[in-house]
Amino acid sequence: MDAYSGYIYSALWLIIAVYLFVQALKDTKFLFFLSAFFLFLSGWYLCDELIKGVNLFEGIYSWIFRGVAVVVLLVCVIVYFSRRQKQENFRE
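Residues numbered from 1 in each chain as written. Predicted model: local features only at pLDDT ≥ 70, side-chain atom pairs only at ≥ 80, totals over all residues. Heavy atoms only, no water.

Novice: Help me understand the overall build of the protein, please; the structure alone is not making it clear to me.
Specialist: Looking only at helices and strands, the protein features three helices and zero strands. From first element to last, N terminus to C terminus, the protein shows the α and β order α-α-α. For 92 residues, the compact-globule estimate of 2.2 N^0.38 gives 12 Å, and the protein exceeds it by more than 25% at 16 Å. Projected onto the principal axes, the alpha-carbon positions of the protein cover approximately 60 × 25 × 15 Å. Counting the 92 residues in the protein, one finds 27% classified as buried. For the protein, restricting intrachain contacts to residue pairs at least 6 apart in sequence, the fraction spanning at least 24 positions comes to 52%. Looking at charge distribution, the protein has the averaged site of its 8 positive side-chain charges lying 10 Å from that of its 7 negative ones. (Helix = DSSP H or I, 4+ residues; strand = E, 2+ residues; numbered from the N terminus. Rg over C-alpha atoms; globule rule 2.2 N^0.38 Å. Buried < 20%, exposed > 50% of the residue type's maximum accessible area, 1.4 Å probe, protein only. Contact = heavy atoms within 4.5 Å. Lys, Arg positive; Asp, Glu negative; His and termini not counted. Charge placed at Lys NZ, Arg CZ, Asp CG, Glu CD.)

If you want it as structure tokens, here you go:
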């Protein structure tokens, strides 16, 4: 990555995590899960910048990163379709 782009992404993910945490207090508790994921992203990018000997986006580390992202995506899809089905059942 460029000189500061990792830090910028880390700050971006942290801001989104805090925003989702605040929204979870007001709206749905599922946003706590998404907030934790964005906190994970923030930490991952920050660690990638701070640890100079290891690139966290290559090798086994990239597979761990992708695995976590895929699991979160699957959970989001499952929650989306279950809530959609509940709304359709409620309308009937």
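Novice: Which parts of the structure should I look at to understand a nonpolar patch on the surface?
Specialist: Residues Tyr4, Tyr7, Ile8, Leu46, Leu50, Ile51, Val54, Ile60, Tyr61, Trp63 and Ile64 make up a contiguous nonpolar surface patch of about 1100 Å² in total accessible area. The dominant element in the nonpolar patch, judged by the number of residues it contributes, is helix α3 (residues 60-91), at four residues. Within the fold, Leu46 resides in helix α2 (residues 30-50). By relative accessible area, which is 34% here, Leu46 ends up partly exposed. (Patch = residues over 30% accessible without salt bridge, like charges linked within 9 Å, V, L, I, M, F, W, Y side chains within 5 Å. Areas by Shrake-Rupley, 256 points an atom, 1.4 Å probe, with all protein chains shown as cover. Salt bridge = Lys/Arg side-chain N within 4 Å of Asp/Glu carboxyl O.)

Novice: Help me out: how do you make sense of the pattern of salt bridges in this one?
Specialist: This structure, assessed with the given rule, holds one salt bridge. In this structure, Glu88 engages Arg84 in a salt bridge whose closest nitrogen and oxygen atoms are separated by 3.7 Å. Within this pair, Glu88 and its partner Arg84 are both found in helix α3, separated by four residues, close to a single helical turn.

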